[in-house]
Amino acid sequence: YDTEDEDYSYNEDDSESDDYEEYVDEDEYEDDETTEEKIRKIVDKYLLDIRKGYTAYKYVWVNNSEYSQVFQNVRSYIAKDASQSEIIGFIDVTVFGKGKNGLLFTTSALYEKSTGDWWKVPYNKMGRMKSNGKQITFEGTEGCGRGLSGIGDIIIHNEFYNIPALKDCLEEIYAII
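Predicted model, so just to flag it, every value in this text is computed and none were measured.

When its secondary structure is counted, the protein chain shows six helices and nine strands. For the protein chain, the share of sequence-separated contacts (at least 6 apart) that also reach a separation of at least 24 residues comes to 52%. In the structure as shown, the protein chain presents an accessible area of about 11,000 Å², 43% of it carried by carbon and sulfur atoms.

In structure tokens form, the structure reads like this:
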């Protein structure tokens, strides 16, 4: 058998042929993502819509030294139990942008602090979330907060946040938990 006449050379252009794409199932790779990676993508998708004009920080800025004081304050004032690596999005509603009040997304929970009230709702407890377009209520969350937020159901008002966008974001997160 004579192989000298046959061309066995590898052409780099062959690997990028159009025929290859029809065999690639892009959805296949989404199943390999961790829950945290999926949550990060969802938050990243909605964060700028939720912010209602306030400063929003995506997870890529968490370790940026320029914003270290903001995230130090976030962890001191809003989420003492969250590690830096768990933070995936933050909307700062303070006047001077110091990170002492706002809405925080981590890989496992949603936090909010404003005017003395503080609360945390784990994503797996968001099944009893209701919205009328002007506010979101988390039923059955007694004890998840401090101040008035610790007395009854937790409510997020539309004063600082775009409620329909926040509701869509949280529903997507809850769907993958």
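Within an α-helix, residues lying three or four positions from one another point in the same direction, as the helix has 3.6 residues per turn. Taking 1.5 Å per residue as the helical rise, helix α4 (residues 35–50) with its 16 residues ought to reach 22 Å, and the 21 Å between its terminal C-alpha atoms agrees with that figure. Buried within α4 are the following residues: Ile39, Arg40, Ile42, Val43, Tyr46, Leu47 and Ile50. Packing partners of the buried residues in α4 comprise β1 (55–58), β2 (87–92), β3 (102–106) and α6 (163–176). Directly beyond the C-terminal end of α4, a positive phi value near 50 degrees is found at Lys52.

Another aspect to go through is the packing of α4 against α6. Packing of α4 against α6 brings their axes to within 9 Å, and their N-to-C directions diverge by 175 degrees. Comparing the axis directions of α4 and α6 gives the class roughly antiparallel. Every residue of α6 that contacts α4 at Thr35, Lys38, Ile39, Ile42, Val43, Lys45, Tyr46, Asp49 and Ile50 is listed here: Ala165, Leu166, Asp168, Cys169, Glu172, Ile173 and Ile176.

So, on to the sheet that holds strand β6 (residues 129–131). As summarised here, the arrangement of the three strands in space is β6-β7-β9, forming an open sheet in which the pairing is antiparallel. Edge positions in the sheet fall to β6 and β9 (154–157), since each has one partner strand and no second. Sheet twist, expressed as the mean angle between neighbouring strand axes with direction ignored, is 15 degrees. Relative to β9, strand β7 (residues 135–138) runs antiparallel, the two sharing four bridges. Paired with Phe138 across the strands is Ile154, a residue of β9.

The next subject is the nonpolar core. By size, the foremost hydrophobic cluster in this structure holds 31 residues, and its most contacted members are Ile50, Leu103, Phe105, Leu110, Phe138, Ile156 and Leu170. Listing elements by their share of this core, those giving two or more residues are α4, β2, β3, β5 (117–122), β7, β9 and α6. Among all residues touching Phe138, those that are not within four sequence positions of it are Leu110, Trp119, Val121, Met126, Arg128, Met129, Asp153, Ile154, Ile156 and Leu170. Core analysis: the second largest hydrophobic core is formed by 14 residues, Tyr57, Val62, Phe90 and Leu104 among them.

With that settled, the discussion passes to the packing of aromatic side chains. For the coordinates displayed, the defined rule picks out ten aromatic pairs. Arranged with centres 5.7 Å apart and planes meeting at 70 degrees, the rings of Tyr54 and Phe160 form a pair that is edge-to-face. You can see Tyr54 sitting in the loop between α4 and β1 and its partner Phe160 sitting in the loop between β9 and α6, a full 106 residues away along the chain. Among the residues examined, Phe160 registers a relative accessible area of 16% and is labelled buried. With centroids separated by 6.2 Å and ring planes inclined at 20 degrees, the aromatic side chains of Tyr57 and Phe90 adopt a geometry described as stacked. With Tyr57 in strand β1 and Phe90 in strand β2, this pair connects stretches of sequence that are 33 residues apart. By relative accessible area, Tyr57 is classed as buried at 7%. Aromatic ring contacts, followed pair by pair, group Tyr57, Trp61, Tyr67, Phe71 and Phe90 into a single cluster.

Cut-offs applied
Residues numbered from 1 in each chain as written. Predicted model: local features only at pLDDT ≥ 70, side-chain atom pairs only at ≥ 80, totals over all residues. Heavy atoms only, no water. Helix = DSSP H or I, 4+ residues; strand = E, 2+ residues; numbered from the N terminus. Contact = heavy atoms within 4.5 Å. Areas by Shrake-Rupley, 256 points an atom, 1.4 Å probe, with all protein chains shown as cover. Expected span 1.5 Å × (residues − 1). Buried < 20%, exposed > 50% of the residue type's maximum accessible area, 1.4 Å probe, protein only. Axes fitted to C-alpha atoms, helices over the stretch in contact; angles between N-to-C directions. Parallel < 35°, antiparallel > 145°, perpendicular 65-115°, else oblique. Pairing = 2+ DSSP bridges. Core = buried A, V, L, I, M, F, W, Y, C linked by side-chain atoms within 4.5 Å. Phe/Tyr/Trp six-rings, centres within 6.5 Å; stacked < 30°, edge-to-face > 60°.

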